[in-house]
Amino acid sequence: MKAREHILGKIQRALEVDPSHDAARRRAVAERLQRHGRHTVPARGQLPDEERIALFRRMLEAVAGTTGRVTSRAEVPTALAAHLEARGLPLRLRRGSDPRLEEMPWERAGALEVATGPAEDGDTAGLVYAFAGIAETGTSVAVSGADNPTTLSFLPEEAIILVDADTIAGDMETVLSALRTRYGTALPRTVNFITGPSRSADIEQTLLLGAHGPRALHVLIVG
Amino acid sequence: MDVTSPAFKENAARALDDAQLQRALGNIRHGFVEKRRVAADALPEFEQLRDEAKAIKDHTLAHLDLYLEAFCETVEARGGTVTFAETAYDARRAVLDICREHEAKTVTKAKSMVSEEIELNRYLKKKGIAPVETDLGEYILQIRDEAPSHIIAPAIHLNRDQIEADFRRVHTHLPNERDLAEPATLLGEARTILRQKFLTADVGVTGANFLVAETGSAVIVTNEGNADLTQSLPKVHIVVASIEKVVPTLEDAATLLRVLARSATGQDMSVYTTMATGPRREGDPDGPEAFHVVLVDNGRSGMIGTDFQEMLRCIRCGACMNHCPVYHAVGGHTYGWVYPGPMGSVLTPSLVGVDQAGQLPNASTFCGRCESVCPVRIPLPKLMRHWREDEFARHLQPRAARTGLGAWAFLARRPRAYRMLTGLAARALSLAGGTKGRLSSLPLAGGWTKHRDLPAPAPRTFMADWKARRGA
């Protein structure tokens, strides 16, 4: 506690603040935290629906992600089985208990084995349902919890993310507002903004995929 | 980390003669600069975003005490704890105490410059806790027992063959005849080894790019995903961050993120941007059970209210060093402490003292490229000039430099003598340059001409030329 008082006291003296006559500064801070105003939002993502979705796919593919699209949730299991097969991966994946995932007709996907829960060492593919997408940068936004455990996006060899087409926003700010609407100020433990598969350029600035996280990222747009 | 900044000159001479290093430094000139330019050009709003990023930081610093208080409140409301640390010792001690409280034996770490500053690894090791760096570059440096030479590309001073030799030396459990000729095979080997470390660590330590007062979140950016495995697998997540990392709101963080990745690596967005808020919630099947933030001052509060407050805007993108001709020539280790390049030349004297680091702000050509690319518009050349003045006022420079400056000042106040002497010098150097127009050696400037030729000046000074033309 003493360190906190020392540091804050030093800052106040340096700023020439008298803590007992500090109402104006306190108001300014409270107001800014309440208002959480937006700064310049790039025009890039401000597009009609289909063009926005196209931008999302283009931006993600530019950073080595792959994308696909299905018209309804019922098509997801077969689309995922086909994707894993095309990539030469074992026909199994792990997912959380998101009701949208629970309700899918997994039996249609034939040999696809679907496990649930947080990721385990040796998992080849992890599946999460995104909270939203951001067209501006090709980013998927996932939130932690039993519905979609965080580790599913990081531990398996391949990360697969489902993004509902109508949640793909033009910009990051729209998604921040949606998070606030859904969770208030109590954000989930982890909010992940994911833009492509894991990479490193630490060896001679040579870009390599699959540093620690997934070697590949596939985003399947639903709707 | 030991400060070798007073030996800058010797460090620089060694760096210039180091063929391996010079080869590696070529990668910066060709990579980062072009990537940043392309990313900035692709976003029409980029310059405006830089102005806003600067304003966000200025506002926060002017209310830093209040935003730190707000951040503490929100972290605690989400079930986390905040510890303030006045010094480097207090900070590493705070991390150790948390580790001991949880009976930790091993700690995974994501890349964090402030953890270098507080010498966390050395301390934990001494206290019987094994820290493992998980960023690929930092892992390479840890097995070499070396410090980072760049704030975002820590192993930029190394070449592939050096890394191969280190892996063969340290990973002795693997067959000797394995093929490590490609960077990808090196990465694969590190990935396999670190995977086990991630899965068994008791505590994960990360830095933070931003701390959000509104939500109590730590925003952590990586491309590898190592910070995410570091913070989501162990039962404890410790964030070590300096006090100026706090920003008011999520929207403020969003604007800063837009300029950060573009300035650093030329990406529109880093691969993984993660907002971590408190420990795992009831019903969460993964994530840490405890969340601690250690807020490090270590000299920063002393910069507030001074000329150097502007330096606290820095978001550690590395653009200034990527564009610095001095950094390109001598690399990061030459600067002798944690922070190299122009930002280090301003920050290091603030944090370790100008008496130790006075040579750093002198190691600048004042070309101004650093300021021109700084996403938060820190006037780095101006701040380096402040340090030079401070150093001069405190009589810290060597006698030769003071005498030289004194002689120059004497002449500068006597324009006629100054013009006559510079006119003579220009003519003499121009003649000496001959038809090549270059000088390969020069008395009193051997340090310069040893590594490159000095272009010979025009035979007439600008003033003389101007006068002649006006007369004509």
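Since this is a predicted model, take the numbers as computed values, not measurements. (Residues numbered from 1 in each chain as written. Chains lettered and ligands numbered in written order. Predicted model: local features only at pLDDT ≥ 70, side-chain atom pairs only at ≥ 80, totals over all residues. Heavy atoms only, no water.)

1. As for the overall build of chain B
Worth spelling out the cut-off: For the purposes of this entry, the term helix denotes a DSSP run of H or I that reaches at least four residues, the term strand denotes a run of E that reaches at least two, and both are numbered from the N terminus. Our radius of gyration looks at C-alpha atoms and nothing else; its globule reference is 2.2 Å times the residue count to the power 0.38. For every residue, the accessible area (1.4 Å probe, protein chains only) is compared with the maximum for its type, and the residue is labelled buried under 20%, exposed over 50%, or partly exposed between those bounds. Contacts were defined at the residue level, with two residues in contact if any of their heavy atoms lie within 4.5 Å. All accessible-area figures derive from a Shrake-Rupley calculation using a 1.4 Å probe, and residue coverage is judged against the displayed protein chains alone.
Summing up its helical and strand segments, chain B has 24 helices and 12 strands in all. A compact globule built from 472 residues would reach a C-alpha radius of gyration of about 23 Å, and chain B, at 25 Å, matches this within 12%. Counting only C-alpha atoms and orienting by the principal axes, one finds that chain B spans roughly 85 × 60 × 45 Å. Counting the 472 residues in chain B, one finds 58% classified as buried. For chain B, contacts bridging at least 24 residues in sequence account for 72% of all contacts bridging at least 6. Just so you have it, chain B exposes about 18900 Å², and 55% of that area is on carbon and sulfur atoms.

2. Thoughts on the overall build of chain A
Rules: Counted charges follow a simple rule, with Lys and Arg positive, Asp and Glu negative, and His plus the chain ends left uncounted. Every charge is mapped to an atom, namely NZ of Lys, CZ of Arg, CG of Asp or CD of Glu.
Helix and strand counts for chain A come out as six helices and 12 strands. Counting only C-alpha atoms, chain A reaches 70 × 40 × 40 Å along its principal axes. By the burial criterion, 57% of the 223 residues in chain A qualify as buried. Counting only carbon and sulfur atoms, one obtains 51% of the accessible surface of chain A, whose full area is about 9000 Å². Separation of charge centres in chain A, based on 27 positive and 29 negative side chains, amounts to 8 Å.

3. Some details on the environment of Thr222 of chain B
Residue and element names in this part refer to chain B. Our working rule: Polar contacts, as used here, are pairs of N or O atoms within 3.5 Å; protein pairs need one atom able to donate a hydrogen and one able to accept it. Residues neighboring in sequence count only if both atoms are side-chain atoms.
Within the fold, Thr222 resides in strand E6 (residues 217-222). For the pair Thr222 and Thr274, spaced 52 residues apart in the sequence, the C-alpha separation amounts to 8.6 Å. Contacts of Thr222, omitting those with residues within four sequence positions, involve Ala227, Asp228, Ser270, Val271 and Tyr272. Reaching out from Thr222, the side chain makes a polar contact with the backbone nitrogen of Gly225 at a distance of 3.0 Å.

4. A closer look at the packing of helix H2 (residues 23-35) of chain A against helix H5 (residues 64-77) of chain B
Put simply, the test is: Orientation is described by lines fitted to C-alpha atoms, with helices fitted over the stretch in contact, and by angles between N-to-C directions that extend from 0 to 180 degrees. When describing relative orientation, an angle under 35 degrees is termed roughly parallel and one over 145 degrees roughly antiparallel, while 65 to 115 degrees is termed roughly perpendicular and anything else oblique. Crossings are assigned a handedness: left-handed for a near helix turned anticlockwise from the far helix by less than a right angle, right-handed for a clockwise turn. Amino acids are sorted into nonpolar (Ala, Val, Leu, Ile, Met, Phe, Trp, Tyr, Cys and Pro), charged (Asp, Glu, Lys and Arg) and polar (every other residue, Gly among them).
Their axes nearest at 10 Å, the elements H2 of chain A and H5 of chain B cross at an angle of 50 degrees. Taken together, the axes of H2 of chain A and H5 of chain B lie oblique to each other. Crossing of H2 of chain A over H5 of chain B shows right-handed handedness. Where H2 of chain A approaches H5 of chain B, its residues Arg25, Arg26, Val29, Arg32 and Leu33 of chain A are matched on the opposing element by Leu64, Asp65, Leu66, Tyr67, Glu69 and Ala70 of chain B. Here the contact of H2 of chain A with H5 of chain B is built from residues that sort into six nonpolar, no polar and five charged.

5. Quick look at the interface of chain A and chain B
Condition: Here the quantity called buried area is the accessible surface, traced with a 1.4 Å probe, that two parts lose on coming together, added over both. Each salt bridge in this description consists of a side-chain nitrogen of Lys or Arg and a carboxyl oxygen of Asp or Glu lying within 4 Å of one another.
On the chain B side, the residues contacting the 76 residues of chain A number 101 residues. Carbon and sulfur atoms make up 58% of the area that chain A and chain B hide from each other, which totals about 7600 Å². Sorting the residues of chain A by area buried against chain B places Arg189, Asp202 and His212 of chain A first, and these three jointly supply 13% of that buried surface. Arg258 of chain B is the salt-bridge partner of Glu173 of chain A, the closest N and O atoms lying 2.7 Å from each other.

6. Let's talk about the sheet that holds strand E9 (residues 272-276) of chain B
What counts here: DSSP calls a pair of strands paired once it identifies at least 2 bridges connecting them.
Read from one edge to the other, the open sheet built from eight strands follows the order E8(A)-E5(A)-E6(A)-E9(A)-E9(B)-E6(B)-E5(B)-E8(B), with strand pairing classed as mixed. Both edges of this open sheet fall to strand E8 (168-169) of chain A together with strand E8 (246-247) of chain B, since each of them pairs with a single strand only. Where E6 of chain B meets E9 of chain B, five bridges bridge the pair, whose relative direction is antiparallel. Within E9 of chain B, the residue paired with Val221 of chain B across the bridge is Thr273 of chain B.

7. Regarding H5 of chain B
Side chains that are three or four residues apart share a direction in an α-helix, a result of its 3.6 residues per turn. Residue and element names in this part refer to chain B. As a reminder, the rule being used: Here a helix's expected span is defined as the number of its residues, less one, multiplied by 1.5 Å.
The terminal C-alpha atoms of H5 lie 20 Å apart, and with 14 residues this matches the ideal 20 Å at 1.5 Å per residue to within 8%. Most of H5 is tucked away, with 11 of its 14 residues classed as buried. Taken residue by residue, H5 has Leu64, Asp65, Leu66, Tyr67, Leu68, Glu69, Ala70, Phe71, Cys72, Thr74 and Val75 as its buried positions. Note on H5: the residue one or two positions beyond its end, Gly79, has a positive phi of about 95 degrees.

8. Here's the deal with the sheet that holds strand E7 (residues 236-242) of chain B
Residue and element names in this part refer to chain B. Read across the open sheet, the six strands follow the order E1-E10-E7-E4-E2-E3; overall the sheet is parallel. Edge positions in the open sheet fall to strand E1 (81-85) and strand E3 (130-133), since each of these has one partner strand only. Ignoring which end each strand starts from, the neighbouring axes of this sheet average 20 degrees apart. Judged from the seven bridges that link them, E7 and strand E10 (residues 290-296) form a sheet pairing that is parallel.

9. Observations regarding helix H3 (residues 32-41) of chain B
Residue and element names in this part refer to chain B. Condition: Arc definition: it is the arc formed by the directions from the helix axis to the C-beta atoms.
Among the residues of H3, those classed as buried are Phe32, Val33, Arg36, Ala39 and Ala40. One side of H3 holds all its buried residues, which, seen down the axis, span an arc of 135 degrees. The inward-facing, buried residues of H3 abut helix H2 (19-30), helix H4 (46-62), helix H13 (250-264), helix H14 (319-322) and helix H19 (369-373).

10. Describing the side chain of Ser270 of chain B
Positionally, Ser270 of chain B belongs in the loop between H13 and E9. Not counting residues up to four positions away in its chain, the partners in contact with Ser270 of chain B are Thr195 of chain A together with Val221, Thr222, Asn223 and Ala261 of chain B.

11. Describing the domain arrangement of chain A
For clarity, the threshold we go by: A domain assignment, automatic or from a database, supplies the domain bounds used here.
What the domain assignment reports for chain A is domain 1 (2-35) and domain 2 (43-222). On a C-alpha basis, the centres of domain 1 of chain A and domain 2 of chain A stand 41 Å from each other.

12. Overview of the pattern of salt bridges
All names here are of chain B. Tallying each qualifying case throughout the model produces 49 salt bridges over all chains. Between Arg37 and Asp41 there is a salt bridge whose closest N-O contact spans 3.0 Å. Separated by four residues within a single helix, Arg37 and Asp41 lie in helix H3, roughly one turn from each other. The exposure class of Arg37 is partly exposed, given its relative accessible area of 41%. Across the salt bridge formed by Arg377 and Glu47, the nearest N and O atoms sit 3.0 Å from each other. Note that Arg377 is positioned in the loop between H19 and helix H20 (380-393) and Glu47 in helix H4, a separation of 330 residues in sequence. According to the relative accessible area criterion, Glu47 is partly exposed, its value standing at 39%.

13. Considerations on the state of the cysteines
All names here are of chain B. Rule in force here: Two cysteine sulfurs form a disulfide in these notes if their separation is within 2.5 Å.
Summed over the entire model, instances satisfying the criterion amount to zero disulfides over all chains. Here Cys317 is not cross-linked by a disulfide; its sulfur's nearest cysteine counterpart is in Cys374, at 6.4 Å. Cys317 sits in the buried class, given a relative accessible area of 6%. Looking at the unpaired Cys324, the closest cysteine sulfur is the one in Cys367, lying at 6.4 Å.

14. A few points about unusual backbone geometry
Residues apart from glycine generally show negative phi values, whereas peptide bonds are mostly found in trans. Phi angles above zero are rare outside glycine, and His36 of chain A is one such case at about 30 degrees. Take His36 of chain A: it is sitting in the loop between H2 and helix H3 (49-62). On the accessibility criterion, His36 of chain A (22% relative accessible area) is partly exposed. Backbone geometry at His395 of chain B places phi at a positive 55 degrees, although glycine is not the residue there. Position of His395 of chain B among the secondary structure elements: in the loop between H20 and helix H21 (399-412).

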